[in-house]
Amino acid sequence: MQKLVVEGEKRICGEITVQGAKNSALPLLAAALLAKGETVLHNCPKLSDVYAACRILGCLGCECRAVGNTVWVKADAPEGCCVPDELMREMRSSIVFLGAVLGRIGECCLSLPGGCELGPRPIDLHLSALRRMGAVINEKHGVLRCECPGGLKGADIQLSFPSVGATENIMLAAVLARGDTVIKNAAREPEITDLAGFLNRCGARISGAGTDTVYIEGVRELYGCEYKVMPDRIALCTLMSAAAITGGELSVREARASDIGAVIPVFDQMGCSVYTYSDRLFITSGSRLYSAGTVRTMPFPGFPTDAQAMLMSVMTLAKGTSLIIENIFENRFRHVPELVRMGADIRTEGRAAVIEGVSRLYGARVTASDLRGGAALVVAALAAEGVTEIHDVKYIDRGYEALEKQLCSIGADVKRVSE
Ligand code: UD1
């Protein structure tokens, strides 16, 4: 068991490069299964989920090697169609392999992803879309068995909610399917555009990614390529929050302003100055932060649910009352009691959290209960008076490549301690 020990009240200052996006690397690794020959993915973050995805590819008969931030995948002769239960459990988003395995191998057997820290994670939209494409799916004792007796065929799919995972799974299943697929009310997240960019470079024919309608013309084969994973927009929001809460000044490389269009105005309103130039983002935070008013999490291009917890930490020290409405996941306020232990004034009611700004946070012994909630505790600790111990770092490690090293390089005092 490891904990982070943060000595607070150190100003975040300097220059840093954003890590590659976990939420893009995972579907790209699943997509590599669809392509013959070798795929080389650069800028993959060094995270346990990425290594779990590599092991899943290994179980499916692919060669997969990770060195530093580069992952090589050879998917010439995939075999087998079952992903072992322990790997499915290890990687929360392993369901994204369903579309890829069906697309390349034609059958698939996976254990169902259980609930996670954010509450139940239903996959009804994934399954009904794949059924429309010809998959026969049976679910027994938590195991999904899928076959496509006549092969996958293109279909018109209308999603009732723009689910990121469902959009990815449909794209992965559709690129090698017979005929055309149209996804209406598709997710528009930048990770969808990144996946389409990769698949198209492998020879797929996808258009409209990044809009609410994605068109996929099925092709016979795909060939591996070299590709760079997009920068992590949520890690970027985390760094911005760290600068904002400590009255800091940060220059961030590999920051794509278009990925955080709804986030920048919130920091502006809180009294920070944010400028972007080319792939750089500069954020300067004054000595006083102001309320952000009401922030509602929404599918892209709205404010991302994954940045909500870190923003809440910043709000705890902002003058006035701020309100967060969480519209995407239930159970996404688990960091609140821990922030309250640090002196924050927050009340929650269902999907709403009311944050009254306080003048100080105090170091405390707190516990991370999910990835972004854990990152929020780190952000709060950076500004808190005294020492904060954050337990259950394993959740934070799921999404950040050595967060303590990143933060220490820009002025924080954070140590990882084994218990
Ligand atoms: C992805 C991201 C996650 C992010 C989320 C929303 C990855 C690995 N994870 O998760 O970090 O917070 O997008 O931006 O990329 N839903 C259903 N039925 C379904 C699918 C989803 O009801 O079949 C619901 C979910 O319960 C949730 C909402 O739709 O309430 C959003 O889910 P979705 O967009 O699918 O998120 P993920 O792909 O799981």
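Here the structure is a predicted model, which is why all the values come from computation and not from measurement.

(A) Expanded view of the site of the ligand. The ligand sits among 17 residues. The nearest are Asp 124, Ser 163, Gly 165, Asp 306 and Ile 328. Measuring from an oxygen atom of the ligand, one finds a backbone N or O atom of Pro 122 at 3.3 Å. Here an oxygen atom of the ligand and a backbone polar atom of Gly 165 are 2.8 Å apart. Secondary structure elements with two or more residues in the shell around the ligand: helix H5 (124–132) and helix H6 (164–174). No other element matches H5, which puts three residues into the shell around the ligand. Broken down by class, the residue content of the shell around the ligand amounts to seven nonpolar, six polar and four charged.

(B) Just the side chain of Thr 305, in detail. Looking at the secondary structure, you find Thr 305 in the loop between strand E20 (294–296) and helix H10 (308–315). Judged by its relative accessible area of 11%, Thr 305 is buried. Contact partners of Thr 305, with chain neighbours within four places excluded, come to Thr 297, Glu 326, Ile 328, Phe 329 and Arg 332.

(C) Layout of the domain arrangement of the protein chain. Assigned domains within the protein chain: domain 1 (2–19 + 231–418) and domain 2 (22–228). Taking only C-alpha atoms into account, the centre of domain 1 sits 31 Å from that of domain 2. Tallying the contact residues gives 26 residues for domain 1 and 23 residues for domain 2. Summed over both partners, the interface of domain 1 with domain 2 buries about 2000 Å², with 50% contributed by carbon and sulfur atoms. The largest contributions to the domain 1 side of the interface with domain 2 come from Phe 300, Arg 398 and Glu 401, which together make up 32% of the buried area.

(D) The arrangement of the environment of Met 88 in detail. Among the structural elements, Met 88 can be located in helix H3 (residues 85–90). Since its relative accessible area comes to 3%, Met 88 is described here as buried. Considering only alpha carbons, one finds Met 88 and Ala 53, 35 residues apart in sequence, at a separation of 9.3 Å. Beyond its immediate sequence surroundings of up to four residues, Met 88 is in contact with Val 83, Ser 94, Ile 95, Leu 110 and Ser 111.

(E) Looking closely at the sheet that holds strand E11 (residues 180–184). With mixed pairing, four strands are arranged side by side in an open sheet as E10-E11-E13-E12. Both outer strands of the open sheet, strand E10 (156–158) and strand E12 (205–207), are each paired with one neighbouring strand and no more. Averaged over all pairs of adjacent strands, the angle between their axes in this sheet comes to 10 degrees, without regard to strand direction. Here E12 runs beside strand E13 (residues 213–217); their pairing, made up of three bridges, is antiparallel. Opposite Arg 205, over in E13, you have Glu 217 as the bridge partner.

Definitions and limits used
- Residues numbered from 1 in each chain as written.
- Predicted model: local features only at pLDDT ≥ 70, side-chain atom pairs only at ≥ 80, totals over all residues.
- Heavy atoms only, no water.
- Near = heavy atom within 4 Å.
- Polar contact = N/O pair within 3.5 Å; in protein donor to acceptor, adjacent residues only side chain to side chain.
- Helix = DSSP H or I, 4+ residues; strand = E, 2+ residues; numbered from the N terminus.
- Nonpolar A, V, L, I, M, F, W, Y, C, P; charged D, E, K, R; others polar.
- Buried < 20%, exposed > 50% of the residue type's maximum accessible area, 1.4 Å probe, protein only.
- Contact = heavy atoms within 4.5 Å.
- Domains from an automatic or database assignment.
- Buried area = accessible area lost by both parts, 1.4 Å probe.
- Pairing = 2+ DSSP bridges.
- Axes fitted to C-alpha atoms, helices over the stretch in contact; angles between N-to-C directions.

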